[in-house]
Amino acid sequence: MVAVKSVEKFAMECETEHFLMAQRQLDEIAGEMGLDPELHERLRYPKRSLIVTIPVRMDDGRVKSFTGYRVHHDVTLGPAKGGIRYHPDVNLGEVAGLAMLMTWKCALMGLPYGGAKGGVRCEPWKLSAGELERMTRRYTSEIINLIGPDKDIPAPDMYTNEQTMAWIMDTYSINVGHTVPSVVTGKPVSIGGSYGRQEATGRGVAYCARRAAAHQNLAAQSPKVVIQGFGNVGSVAAKLLHESGYKVVAVSDVYGGIYNENGLDISRLLAYVSEMGRVQDFAAARNISNEELLTLPCDILIPAALGNQIHKGNVDQLECKIIVEGANGPTGPEADQILFDRGVLVVPDILANAGGVIVSYFEWVQGLMHFFWTEEEVNHRLEEIMGKACDQVFAMASKTGLRTRMAALRIGISRLAEAKRLRGLYP
Ligand code: NAD
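How each quantity is defined
Residues numbered from 1 in each chain as written. Predicted model: local features only at pLDDT ≥ 70, side-chain atom pairs only at ≥ 80, totals over all residues. Heavy atoms only, no water. Helix = DSSP H or I, 4+ residues; strand = E, 2+ residues; numbered from the N terminus. Rg over C-alpha atoms; globule rule 2.2 N^0.38 Å. Buried < 20%, exposed > 50% of the residue type's maximum accessible area, 1.4 Å probe, protein only. Contact = heavy atoms within 4.5 Å. Lys, Arg positive; Asp, Glu negative; His and termini not counted. Charge placed at Lys NZ, Arg CZ, Asp CG, Glu CD. Near = heavy atom within 4 Å. Polar contact = N/O pair within 3.5 Å; in protein donor to acceptor, adjacent residues only side chain to side chain. Areas by Shrake-Rupley, 256 points an atom, 1.4 Å probe, with all protein chains shown as cover. Nonpolar A, V, L, I, M, F, W, Y, C, P; charged D, E, K, R; others polar. Pairing = 2+ DSSP bridges. Domains from an automatic or database assignment. Buried area = accessible area lost by both parts, 1.4 Å probe. Salt bridge = Lys/Arg side-chain N within 4 Å of Asp/Glu carboxyl O. Axes fitted to C-alpha atoms, helices over the stretch in contact; angles between N-to-C directions. Expected span 1.5 Å × (residues − 1). Patch = residues over 30% accessible without salt bridge, like charges linked within 9 Å, V, L, I, M, F, W, Y side chains within 5 Å. Phe/Tyr/Trp six-rings, centres within 6.5 Å; stacked < 30°, edge-to-face > 60°. Lys NZ or Arg CZ within 6 Å of the ring centre and 35° of its normal.

### A few points about the overall build of the protein chain
Helices and strands together make up the secondary structure of the protein chain, namely 15 helices and 12 strands. Against the 2.2 N^0.38 benchmark of 22 Å for 427 residues, the protein chain shows a C-alpha radius of gyration of 21 Å, consistent with a compact globule. Referenced to the eigenvectors of the C-alpha coordinate spread, the extents of the protein chain come out at roughly 60 × 60 × 45 Å. Burial analysis of the protein chain (427 residues in total) assigns 56% to the buried set. Long-range pairs, those at least 24 residues apart, make up 68% of the contacts in the protein chain with a sequence separation of at least 6. Distance between charge centres in the protein chain, computed from 45 positive and 49 negative side chains, equals 3 Å.

What follows is the structure, encoded as structure tokens:
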């Protein structure tokens, strides 16, 4: 039977470049794996999207309206899961594209979740703490019918944090009349957060880097590591890899980078950054630009800052053997193919940065059970899931000859397709 094209109207609304890129990736792997055309059609668009207007009383007494979104891409495997971001670029297409990636990521990691994303279009750095709190609470009440521990569990993303999650949890709880910690993850530990959540993404990135180094027979030679972005993800990955005997030779932040070919002292660098707020001018290192950083000779390059950093324009200058994608979407599609042709192993974002959503899952489970684990238990279970997924992706890539990104998507999408096939199409 031919799939019915019934969603053109919605498609026009969300078809931004960002969304189309996510959709093209699905189309490519669907063709490659011979995905049932009906299932393919159902997965090309989000299941539901909500756009809300959020009136906020500003500190100067005026009322300003912001636009917010919450999108569920798919909920076949369980409640929807995905972050909330505050940024001026937030729009329906971006949120829908990111929700789709969350579906693949959760399915690949074997988590009982569907994919979601949300956001508010705003300049969070221009808002006071009071304005941010009022905006967050009103946004929560506008999307309250979509969220809940059995329906959709938000988490932090760009420019949202533990405090944002605490406000969402409180607003939701007050509205339903009792405390519901499991409506969000990424909460402070004092109100039901999980040990290890803060470090989880960086820990998962470091774990994937070690696994990839072993896979490429580089682990025994104290591999050289370059990291773009020294925030939550990059700094934790740097610390853990340094502790494992890897040589972190360069790191950077928004102001620029530093390089020492003999390796940086990461403990001293962390203390320096917490005092100075940047990595540059650190003793025993040379200042470099972010562009130069990407092209340094190294074994492992970890982009852990922004999307679209490795592209047609700079991919030929890269000298790494492995790329571990801490950030979401740091490698463009053309660059991905060129790296593959050159034999560079890419650990794709949906695998490499999944540590955060895995420990979010642990936080949700602990909250539902009212039984909390130690940090050692959390880290051990995290490494178990990451290790299994790395092995599956590397095995699928070598079995099929696919790029690792496509191999990862194929595993996630196959699981989801099987579940969708068994559940059938209602009515
Ligand atoms: P963060 O805000 O803590 O850190 C970002 C770092 O990148 C900072 O050091 C910042 O100075 C640097 N940076 C910003 N612009 C830059 C530029 N133009 N060049 C070089 N460096 C720049 O953010 P984070 O939580 O570490 O997230 C980093 C990336 O990882 C993001 O792409 C995010 O979407 C992704 N990610 C994060 C998580 C998580 O749990 N934190 C989970 C999945 C994916």
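### Looking at the site of the ligand
As a matter of local geometry, the ligand sits amid 17 residues, with Thr201, Phe230, Asn232, Val233 and Val254 nearest to it. In the environment of the ligand, an oxygen atom lies 3.0 Å from a nitrogen or oxygen atom belonging to the backbone of alanine 305. Within the contact set of the ligand, an oxygen atom lies 3.4 Å away from a side-chain nitrogen or oxygen of asparagine 328. For the ligand, whose free accessible area comes to 830 Å², the fraction covered by protein is 71%. In terms of residue class, the shell around the ligand is built from seven nonpolar, nine polar and one charged.

### With respect to the pairing of strand 10 (residues 300-303)
On strand 10, burial covers both faces: Ile300 and Ile302 on one face and Leu301 and Pro303 on the other are all buried. Inspection of the sheet shows strand 6 (residues 224-228) paired to strand 10 by four bridges, in the parallel sense. Considered in strand 10, the bridge of glutamine 228 is made with proline 303.

### With respect to the side chain of aspartate 349
Secondary-structure assignment places aspartate 349 in helix 12 (residues 349-352). Relative accessible area serves as the criterion here: at 7%, aspartate 349 is assigned to the buried category. For aspartate 349, the side chain forms a polar contact with the main-chain nitrogen of glycine 329, separated by 2.8 Å. Non-local contacts of aspartate 349, meaning those with residues more than four positions away in its chain, are made with Lys105, Glu325, Ala327, Asn328, Gly329, Pro330, Ala354 and Arg405.

### As for the domain arrangement of the protein chain
Domain boundaries assigned for the protein chain yield domain 1 (2-178) and domain 2 (200-352). Counting residues at the interface gives six residues for domain 1, matched by five residues for domain 2. Approximately 530 Å² of surface area, both sides summed, lies buried where domain 1 meets domain 2, with 70% of it carried by carbon and sulfur atoms. Considering only the side of domain 1, the residues that lose the most area to domain 2 are Leu101, Lys105 and Leu108, jointly responsible for 56% of the buried surface there. Run the count over domain 1 and domain 2 and you get zero salt bridges. Taken together, the links from domain 1 to domain 2 amount to zero residue pairs in polar contact (both at pLDDT 80 or more). Broken down by element, the side of domain 1 that touches domain 2 gets its largest block of residues, four residues, from helix 4 (residues 92-108). Considering only residue class, the side of domain 1 that touches domain 2 consists of five nonpolar, no polar and one charged.

### Description of the sheet that holds strand 11 (residues 322-324)
Ordered by their spatial adjacency, seven strands build an open sheet running 9-8-7-6-10-11-12, and the pairing between neighbours is mixed. Every other strand in the sheet has two partners, leaving strand 9 (286-288) and strand 12 (345-347) as the edge strands with one partner each. For this sheet, the mean angle separating the axes of adjacent strands, direction not counted, is 20 degrees. Packing against the sheet, helix 8 (residues 232-243) makes contact with strand 6, strand 7 (247-253) and strand 10, and its axis sits at approximately 170 degrees to strand 6.

### Observations regarding the sheet that holds strand 4 (residues 114-121)
An order of 1-2-4-3-5 is seen for the five strands of this open sheet, with the pairing classed as mixed. The open sheet has two free edges, formed respectively by strand 1 (48-57) and strand 5 (152-156), since each of these has just one partner strand. Between one strand axis and the next, the sheet turns through 20 degrees on average, direction left out of account. In terms of strand pairing, strand 3 (residues 80-86) meets strand 4 through five bridges, oriented parallel. If you follow lysine 81 over to strand 4, its bridge partner there is glycine 115.

### Describing helix 13 (residues 355-369)
Over its 15 residues, helix 13 extends 21 Å from the first C-alpha to the last, a length consistent with the 21 Å expected when each residue adds 1.5 Å. Among the 15 residues that make up helix 13, 12 are buried, leaving the element largely enclosed by the rest of the structure. Within helix 13 the residues assigned to the buried category are Gly355, Gly356, Val357, Ile358, Val359, Ser360, Phe362, Glu363, Trp364, Val365, Gln366 and Gly367. Here the buried face of helix 13 lies against strand 3, helix 4, strand 5, helix 7 (200-215) and helix 14 (375-400). Phi turns positive one or two residues past the end of helix 13, at histidine 370, with a value near 55 degrees.

### Looking at unusual backbone geometry
With omega at 0 degrees, the peptide bond leading from tyrosine 426 into proline 427 counts as cis. When you line up the elements, proline 427 lands in the segment after helix 15 (404-423). A positive phi angle, near 70 degrees, is found at aspartate 281, a position not held by glycine. If you trace the backbone, aspartate 281 turns up in the loop between helix 9 (266-276) and strand 9.

### Section: a positive patch on the surface
Taken together, the side chains of Arg42, Lys47, Arg48, Lys151 and Arg423 define a basic patch exposed on the protein surface. Summarising the element assignment, lysine 47 is placed in the loop between helix 3 (37-43) and strand 1.

### Section: the packing of aromatic side chains
Given two aromatic rings, one states the distance between the centres and the angle between the planes to describe the pair. In the structure shown here, the tally under the stated rule is seven aromatic pairs. Measuring from ring centre to ring centre gives 5.8 Å for tyrosine 113 and tyrosine 361, while their planes differ by 90 degrees; the resulting arrangement is edge-to-face. Residue tyrosine 113 is located in the loop between helix 4 and strand 4, and its partner tyrosine 361 is located in helix 13; the two are separated by 248 residues in the primary sequence. For tyrosine 113, a relative accessible area of 0% puts it in the buried group. When the centroid spacing of 6.3 Å and the interplanar angle of 35 degrees are considered together, the rings of tyrosine 361 and tryptophan 364 count as tilted. Residue tyrosine 361 and its partner tryptophan 364 are both found in helix 13; the two are separated by three residues, about one turn of the helix. Grouped by ring-pair contacts, the aromatic residues Tyr113, Tyr361, Phe362, Trp364 and Trp373 constitute a single cluster. One Lys or Arg, arginine 381, reaches over the ring of tryptophan 373 and ends 4.1 Å from the middle of that ring.

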